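Fold and geometry: a report
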Amino acid sequence: MTDLVERLVPDELWVLFRRVVPPTEVIRPQGGGRRRAGDREALAAIIFVATSGCTWRQLPPVFGPSWQTVYRRFAQWSRARVWARLHRIILDELGARGQLDWSRCAIDSVSLRAAKGGL
């Protein structure tokens, strides 16, 4: 499982992701309970769902966390705008390295709101 997680979430991506993911606060007033599933494993499972086209319920158990946990983490991170911030950090990182090819950039009305009254 470690190989799959490391392949889907390489160390370089993991370092960038940790910069944008909000800190987790585990509150167990009574102690006990299950240990929280790892963020890296949850991120790998989310990437697997996004790239394979499988449903959350079809998520293979090889990742560790259940599909419910992975979906819940995806929803939490979506509400916290983690994906937008990660996208921005990746673009900044690639831009700093000179690895962005802006000749393939396109902006349409879905990406950017048109100005009122034309130009």
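Rules and cut-offs
- Think of each chain on its own: its residues are numbered from 1, step by step along the sequence as written.
- For this predicted model, a pLDDT threshold of at least 70 governs which residues receive local features, and a threshold of 80 or more governs which side-chain atom pairs are given and counted, while totals over whole chains, interfaces and linings are taken from all residues.
- Computation of side-chain values covers all heavy atoms of the structure but excludes hydrogens and water.
- Elements are defined by DSSP. Helices are runs of H or I of four residues or more, strands are runs of E of two residues or more, and each kind is numbered from the N terminus.
- Each residue's exposure class comes from its accessible area (1.4 Å probe, protein chains only) as a fraction of the maximum for that residue type: buried when under 20%, exposed when over 50%, partly exposed otherwise.
- Residue contacts are defined here by distance: any two heavy atoms, one from each residue, within 4.5 Å place the two residues in contact.
- The Shrake-Rupley method, run with a 1.4 Å probe sphere, supplies the accessible areas, and residue values consider only the shown protein chains as cover.
- A 1.4 Å probe that fits but cannot get out identifies a cavity on a 1 Å grid over protein atoms alone, an open set with protein on both sides within 12 Å along at least five of seven lines counts as a pocket, and a residue lines either if it has an atom within 4 Å of a point.
- Grid points are joined across faces, edges and corners, and a volume is the space filled by probe spheres set on the points.
- Lines fitted to C-alpha atoms define the axes, with helix axes restricted to the stretch in contact, and inter-axis angles between N-to-C directions lie between 0 and 180 degrees.
- Roughly parallel refers to an angle under 35 degrees, roughly antiparallel to one over 145, roughly perpendicular to one between 65 and 115, and oblique to any angle outside these ranges.
- Gly is put with the polar residues, along with every residue not named as nonpolar or charged; the nonpolar set is Ala, Val, Leu, Ile, Met, Phe, Trp, Tyr, Cys and Pro, and the charged set is Asp, Glu, Lys and Arg.
- Nitrogen and oxygen atoms within 3.5 Å of one another constitute a polar contact, given that in protein one can donate a hydrogen and the other can accept it, and given that sequence-neighbouring residues count only through two side-chain atoms.
- By this rule the span expected of a helix is its residue count minus one, scaled by 1.5 Å.
- Basic side-chain nitrogens of Lys or Arg form a salt bridge, by our definition, when they fall within 4 Å of a carboxyl oxygen of Asp or Glu.

For the rest of this paragraph, the subject is the overall build of the protein. When helices and strands are tallied, the protein shows five helices and zero strands. In the protein, buried positions account for 24% of the 119 residues. Expressed as a percentage of contacts within the protein between residues at least 6 apart in sequence, the contacts between residues at least 24 apart total 67%. For the protein, the exposed surface amounts to about 9,100 Å²; the carbon and sulfur share of it is 53%.

Put simply, the largest pocket is a space of about 250 Å³. Forming the boundary of the largest pocket are R34, R35, R36, A37, P65, S66, T69, R72, R73 and Q76.

Direction vectors running N to C along helix α2 (residues 11-20) and helix α3 (residues 39-52) enclose 110°, while the axes themselves pass 11 Å from each other. When the axes of α2 and α3 are compared, the pair comes out roughly perpendicular. Counting all contacts with α2, which are made through D11, L13, W14 and F17, the residues of α3 involved are D39, R40, L43 and I47. When grouped by side-chain class, the residues that make up the contact of α2 with α3 number five nonpolar, no polar and three charged.

Moving on, we get to the side chain of D39. If you trace the backbone, D39 turns up in helix α3. For D39, the side chain forms a polar contact with the side chain of R36, separated by 2.8 Å. If sequence neighbours within four positions are ignored, D39 has contacts with W14, V21, T24, R73 and W77.

An ideal rise of 1.5 Å per residue puts 18 Å on 13 residues; helix α4 (residues 67-79) measures up with 18 Å between its terminal C-alpha atoms. Considered for burial, the residues of α4 that qualify are T69, V70, R73, A75 and W77. Against α2, α3 and α5 (82-97) lie the buried residues of α4. Looking at the residues trailing α4, positive phi occurs at R81, about 60°.

This next bit is on the pattern of salt bridges. Counted under the stated rule, the structure contains six salt bridges. Here E12 ties to R97 by a salt bridge, and the two come within 2.1 Å at their closest N and O atoms. With a gap of 85 residues between them, E12 in helix α2 and R97 in helix α5 connect regions that are remote in the sequence. Taking the shortest distance from any N to any O, the salt bridge between R88 and D92 comes out at 3.2 Å. Here R88 pairs with D92, and both are found in helix α5, just four residues apart, close to one helical turn.

Everything listed is a geometric property; what it means functionally is a separate question.
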